[in-house]
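Results of the structural survey
Here is what each chain is made of, one letter per residue.
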Amino acid sequence: MSQVASQSGAASTTGSECTFLDSVYKMYDQALACLSLPHGLPEKLKQCHAVYQVRFPVEIQGKIEVFTGWRAVHSEHRLPSKGGIRFAPVVEQDEVEALAALMSFKCAIVDVPFGGSKGGLRINPQHYKDSELEQITRRFARELAQRGFISPAINVPAPDMGTGSREMAWIADTYQRMNPTDINALACVTGKPPTQGGIQGRVEATGRGVQYGLREFFRHEEDVRMAGLSGGLAGKRVIVQGLGNVGYHAATFLQHEDNCKIVGIVEWDGALYNHDGLSVETVAAYKYANGGIKGYPDAEYVEDGLSLLEAECDILMPAALEGQITRENAARIKAPLIAEAANGPVTFEADEILRSRGTVILPDLYLNAGGVTVSYFEWIKNLSHIRFGRMERRHEENRSQQMLSVIEQMTGQSVPPSLAREFISGADELDLVRSGLDDTMCKAYREIREVFWNREEVNDLRTAAFIVAIQKIARTYIEMGI
Ligand code: NAD
């Protein structure tokens, strides 16, 4: 066990391609070149403030297994620091640091008053029974909480790859048992099931945010034209990589609510293509039942899944892992618009190639910020100990009923019952979460495009997004005194 402050300014590189952390640093540097910050601040904003690595043993089926995990804190200009915990067979300190940095910038972009953090446990969750995973998760949570890396005021995890509401419930319960007198204990983690202090709409929040972000992009004709596209989202052909939490929800919403056509789905064991469109739910059900998508009947199967990222489509939506579009395949990507639902799917080198070809990228630090936005709502709900809408809903309905009666009296006509019901119905928690998320994604995009269209030296939305984020964080530090 060791607690180390990260010292390095640049991460190592593998071969000639940047590592994930290097990519984030280079993207940050690119934005920084357009700004003028006080001496010392750029370094402070760049690197993680602290990284905690832990190794802990758990007895699994009579044998001791040792697990390695990390929690990185990128910034504490606002507290708590916030970011998911991922469970994956390949997790490295560099990766956790890169993800923590992205979290700081993401929170700033969507005006969520948190610093950035991220955690990871090196484990293949599929190799363990539920009871074993619970034991491992609880032990990891204890290790982090004991050192202040989980707490409602200082550091609040959430789900990420390989974790979900179940793991968050175990973490919350572990923390509560360690801190029985902390009345705000439930706010120590977000993404919990609604019955365990969670909030309606959190499970699908990242995918929902991707949908709202895309909708906002398509509201701006000149932005759409810049990607060589026209019209709205309806009818757009989408290829999605990763049918997990983020990819599944984003693709389902785009298919059912925006009439997009999901023509390709890429998973770990290959890809499916159907020119006429795939049913996302049916493929997801097949994957759930069979562990993968290979053998799915109503589509062409492509063994080399990654190659489908290069197929013709309007929107390419990587929603699985980092480093999927690299200098090796970037020049072959045909999609004019890339929607980064995953964190870091495009490396720095690939980003340069794509930009030179005119591909428009909706960057991760904006597009997948829906999860942390709704996590913020959940955290507030936990601190206020009341669900959103509980106090106002009936009052709102009574007011609407009165207004309807006045309209009916004045016009001498009665409103059809179905319309009246819709008009009167007050907002419940899910309505409020959705409208708060929608508003957040729209406002954030407008801030980014404002920088993009008004600064000559900015040529892409990612740099614009970094500029928005860096300026907001820098302002906080300057006002506080660095
Ligand atoms: P998940 O574990 O629910 O889903 C990941 C999916 O990708 C799974 O279906 C998996 O089978 C698939 N996959 C794995 N390896 C693959 C490969 N080589 N090729 C294609 N598909 C592969 O994870 P998630 O929570 O949906 O996260 C996906 C991405 O979104 C990650 O980059 C994560 O950091 C990011 N993200 C997640 C959230 C969230 O709220 N869960 C929030 C923001 C960003």
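This structure is a prediction, so every number in the text was calculated from the model and none was measured.

1. A short note on the domain arrangement of the chain
Segmentation of the chain into domains returns domain 1 (2-16 + 228-358) and domain 2 (20-196). The C-alpha centroid of domain 2 is placed 25 Å from the C-alpha centroid of domain 1.

2. Some details on the site of the ligand
Surveying the vicinity of the ligand reveals 23 residues, the closest of which are Asp160, Thr206, Glu267, Lys287 and Asn343. A distance of 3.5 Å is found between a nitrogen atom of the ligand and a backbone nitrogen or oxygen belonging to tryptophan 268. Between alanine 320 and the ligand, the recorded distance is 3.4 Å, taken from a backbone N or O atom to an oxygen atom. Relative to its unbound accessible area of 830 Å², the ligand is 83% covered by the protein chains. At the level of secondary structure, the elements contributing two or more residues to the shell around the ligand comprise α8 (245-257) and β8 (261-267). Taken together, the residues that form the shell around the ligand break down as 10 nonpolar, 8 polar and 5 charged. Built from parts of two domains, the shell around the ligand gets at least three residues from each of domain 1 (2-16 + 228-358) and domain 2 (20-196).

3. What to know about helix α1 (residues 20-32)
Residues spaced three or four apart along an α-helix point in a common direction, a consequence of the helix completing one turn every 3.6 residues. Given a rise of 1.5 Å per residue, 13 residues ought to cover 18 Å, and the 18 Å separating the end C-alpha atoms of α1 matches this to within 8%. By the criterion of burial, α1 is predominantly enclosed, with 10 of the 13 residues buried. Residues of α1 that are buried include every one of Phe20, Leu21, Asp22, Ser23, Val24, Tyr25, Met27, Tyr28, Ala31 and Leu32, and no others. Among the structural elements, α2 (41-46), α3 (93-109), α10 (348-356) and α16 (461-480) are those in contact with the buried residues of α1.

4. Regarding unusual backbone geometry
Here the amide bond leading from leucine 79 into proline 80 is cis, since omega sits at 5°, within 30 degrees of zero. Summarising the element assignment, proline 80 is placed in the loop between β3 (63-73) and β4 (81-88). We note that asparagine 259 has phi near 55°; this positive angle belongs to a residue other than glycine. With respect to the helices and strands, the residue asparagine 259 is situated in the loop between α8 and β8. Using a relative accessible area of 52% as the deciding quantity, one classes asparagine 259 as exposed. We note that histidine 385 has phi near 60°; this positive angle belongs to a residue other than glycine. Tracing the backbone shows histidine 385 in the loop between α12 (370-384) and α13 (393-411).

5. Regarding the pairing of β3
The side chains of a regular strand alternate between both faces of the sheet. Judged from the 11 bridges that link them, strand β2 (residues 50-60) and β3 form a sheet pairing that is antiparallel. Its bridge partner being in β3, tyrosine 52 is matched across the sheet by arginine 71. In sequence, β2 turns back onto β3 through a hairpin of 2 residues, with glutamine 61 there showing a positive phi of about 45°. Relative to strand β5 (residues 115-122), β3 runs antiparallel, the two sharing 5 bridges. Bridging across to β5, alanine 72 finds its partner in lysine 118.

6. Quick notes on the side chain of serine 151
Summarising the element assignment, serine 151 is placed in the loop between α4 (130-146) and β6 (155-159). Engagement of the side chain of serine 151 in a polar contact is seen with the backbone nitrogen of isoleucine 154, the distance being 3.0 Å. Among residues more than four places away in sequence, those in contact with serine 151 are Val156, Tyr175 and Cys188.

About the thresholds
- Residues numbered from 1 in each chain as written.
- Predicted model: local features only at pLDDT ≥ 70, side-chain atom pairs only at ≥ 80, totals over all residues.
- Heavy atoms only, no water.
- Domains from an automatic or database assignment.
- Near = heavy atom within 4 Å.
- Polar contact = N/O pair within 3.5 Å; in protein donor to acceptor, adjacent residues only side chain to side chain.
- Areas by Shrake-Rupley, 256 points an atom, 1.4 Å probe, with all protein chains shown as cover.
- Helix = DSSP H or I, 4+ residues; strand = E, 2+ residues; numbered from the N terminus.
- Nonpolar A, V, L, I, M, F, W, Y, C, P; charged D, E, K, R; others polar.
- Expected span 1.5 Å × (residues − 1).
- Buried < 20%, exposed > 50% of the residue type's maximum accessible area, 1.4 Å probe, protein only.
- Contact = heavy atoms within 4.5 Å.
- Pairing = 2+ DSSP bridges.

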